Amino acid sequence: MSIVYDFKENIKKDDLDGISNIINSGGLVVFPTETVYGIGADATNSNAVKKIFIAKGRPQDNPLIVHISNLEMLDKYTCGINSIEKKLIDNFWPGPLTIIVKSKNNLSTYVTAGLDTVGVRMPDNDIALNIIEASKRPIAAPSANISGKPSGTNLSDIFEELNNKVDVFVDGGNTNIGIESTVVKVENGVVNILRPGKISLEDIKNIGLNVKLDKHIFKDVKDGEKVESPGMKHRHYAPSTKAILVDFDSDKIMLDKIKEYKEKNDKNIGIICYKEHEEYLKSIGFKTIVMGGKNDLLEISRNIFSLIRSIDKYKFDECLIEGVKKQYIGTAIMNRLIRACGYNIL
Ligand code: AMP
Ligand code: MG
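Since the model is a prediction, treat every value here as computed from it, not as a measurement.

## Some thoughts on helix H7 (residues 155-162)
Of the residues making up H7, those classed as buried are Leu155, Ile158, Glu161 and Leu162. Taken down its axis, H7 places every buried residue within 140° of arc, on the same side. What points out from H7, more than 90 degrees from its buried face, is the exposed set Ser156 and Glu160. Just downstream of H7, Asn164 is the residue with a positive phi angle, here 75°.

Spelled out as structure tokens, the structure:
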């Protein structure tokens, strides 16, 4: 059985030493960040990094994000940053923003999946920063989950699927944001968002930078099509139950669409819905699961992966999921929901 350290109340110095010894000797540690839990290993040790791919069943062509705790590490492992990348870092680090930059080729090639670039971020979470500092290594850490499943946002969701596959779990309670970091690459003076997250298009615009969403954010990738980020190609987040996203126009249109669907389909249909819609949806025969208040996108982002993980246990024939407005973190929520629904949209 993997060891569990409880850091919910405070970071325990002796346990932290044990954790850094495990990282330094090539082991795997599940730890919290402000976004989701990560499975971490020494990013400079190929044997250690290989174990992450095995534990997750992750395709080897999907590179890992490297987590750092200070800017000296950025200098040491990357070929430097331009003025746009500096502005992003000054404004958003530590925080949920991963920047793809040229790598110096002194990290494990498994981390970069053989690319000449590397995704780097400084997490805004004391447990994560302390583990990196104590280990004195950059830590490669993809989301803690079996590949294809929703990322883990609390230990109980992921304990079973990763138990015995990692050396240590560090429990920091529920993660604050609940969806993975924004991934960006600066190209020709424009910040291209490869994966949306809490740091939104609007946030990046607000600091005076040119920014765009990559064309694959809401679109499936066709076989053989070239993508900027290998992760875009892989199947993600989907439950076994058929899930259908109700794309948002207005509340009224959304509820009408849902009612009409229910009337046409005489099945056991569940719905992940706004708190404000629960009563009405129950009254027309749905089993409801509440995602949060419709104006509280952060509450929805915190809850959404855990709720998607729970869908299968209800044994619905199908599950509808109410969409949110594609703005601020809502863009990221919709990007994950579209994938969870396998591009089925009502
Ligand atoms: P995860 O760590 O599981 O949250 O996923 C990391 C995401 O970052 C995946 O979508 C990767 O494809 C993407 N990524 C990591 N490194 C790079 C890179 N060098 N170039 C482009 N995308 C990257
Ligand atoms: Mg992941």
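## Digging into the sheet that holds strand S1 (residues 3-6)
With mixed pairing, 11 strands are arranged side by side in an open sheet as S1-S8-S2-S3-S7-S4-S6-S5-S9-S10-S11. Every other strand in the sheet has two partners, leaving S1 and strand S11 (211-213) as the edge strands with one partner each. The pairing of strand S4 (residues 65-67) with strand S7 (residues 139-140) spans 2 bridges and is antiparallel. By the bridge assignment for S7, His67 is matched with Ile139. Helix-sheet contacts for helix H2 (residues 46-56) involve strand S3 (37-42) and S7, and the interaxial angle to S3 is about 150°. Those strands touched by H7 are S1, strand S2 (29-32), S3 and strand S8 (168-171), and its axis lies near 175° from that of S8.

## Side note on the packing of helix H1 (residues 13-24) against helix H6 (residues 126-135)
Packing of H1 against H6 leaves a shortest axis separation of 9 Å and a crossing angle of 60°. The angle between the axes of H1 and H6 places the two elements in the oblique class. Both H1 and H6 take part in a crossing whose hand is right-handed. For the pair formed by H1 and H6, the contact residues are Leu16, Ile19, Ser20, Ile23 and Asn24 on the first element and Asn130, Ile131, Ala134 and Ser135 on the second. When its residues are assigned to classes, the contact of H1 with H6 shows 5 nonpolar, 4 polar and no charged.

## Things to note about the packing of aromatic side chains
In this description, a pair of aromatic rings is defined by centroid distance and the angle of the planes. Counted under the stated rule, the structure contains 4 aromatic pairs. Over the face of the ring belonging to Phe286 we find Lys262, whose NZ or CZ atom lies 5.4 Å from the ring centre. For Lys326, the ring lying beneath its charged end belongs to Phe218, and the centroid distance is 5.1 Å.

## Describing the state of the cysteines
If you walk through the whole model with that rule in mind, you get 0 disulfides. Free of any disulfide, Cys341 has its nearest cysteine sulfur in Cys319, 8.0 Å distant.

## Here's the deal with the site of ligand 1
Surveying the vicinity of ligand 1 reveals 17 residues, the closest of which are Arg58, Asn62, Arg195, Ser229 and Gly231. Within the side chain of Ser143, an N or O atom sits 3.4 Å from an oxygen atom of ligand 1. At 2.7 Å from an oxygen atom of ligand 1 is found a main-chain nitrogen or oxygen belonging to Gly231. Its free accessible area being 500 Å², ligand 1 has 94% of it covered by the protein chains.

## Describing helix H4 (residues 83-92)
Those residues of H4 that fall on the buried side of the exposure criterion are Ile84, Glu85, Leu88, Ile89 and Phe92. Mapping the buried residues of H4 onto a view down its axis gives an arc of 140°, with all of them on the same face. Those residues of H4 that are exposed and angled more than 90 degrees off the buried face are Ser83 and Asp90. Looking at the packing, one finds that the buried side of H4 touches helix H3 (71-77), strand S5 (97-102), strand S9 (182-187), strand S10 (190-195) and helix H8 (201-206).

## Some remarks on the environment of Ile333
Locating Ile333 in the fold gives a position in helix H12 (residues 329-340). Owing to a relative accessible area of 1%, Ile333 belongs among the buried residues under this scheme. In the structure, Ile333 is positioned 35 residues away from Leu298 in sequence and 9.5 Å away in space, judged by C-alpha atoms. If we ignore the near neighbours within four places in the chain, the residues touching Ile333 are Ile179, Leu297, Ile300, Ser301 and Val324.

Parameters at a glance
Residues numbered from 1 in each chain as written. Chains lettered and ligands numbered in written order. Predicted model: local features only at pLDDT ≥ 70, side-chain atom pairs only at ≥ 80, totals over all residues. Heavy atoms only, no water. Buried < 20%, exposed > 50% of the residue type's maximum accessible area, 1.4 Å probe, protein only. Helix = DSSP H or I, 4+ residues; strand = E, 2+ residues; numbered from the N terminus. Arc of directions from axis to C-beta. Pairing = 2+ DSSP bridges. Contact = heavy atoms within 4.5 Å. Axes fitted to C-alpha atoms, helices over the stretch in contact; angles between N-to-C directions. Parallel < 35°, antiparallel > 145°, perpendicular 65-115°, else oblique. Left-handed = near helix turned anticlockwise from the far one by under 90°. Nonpolar A, V, L, I, M, F, W, Y, C, P; charged D, E, K, R; others polar. Phe/Tyr/Trp six-rings, centres within 6.5 Å; stacked < 30°, edge-to-face > 60°. Lys NZ or Arg CZ within 6 Å of the ring centre and 35° of its normal. Disulfide = S-S within 2.5 Å. Near = heavy atom within 4 Å. Polar contact = N/O pair within 3.5 Å; in protein donor to acceptor, adjacent residues only side chain to side chain. Areas by Shrake-Rupley, 256 points an atom, 1.4 Å probe, with all protein chains shown as cover.

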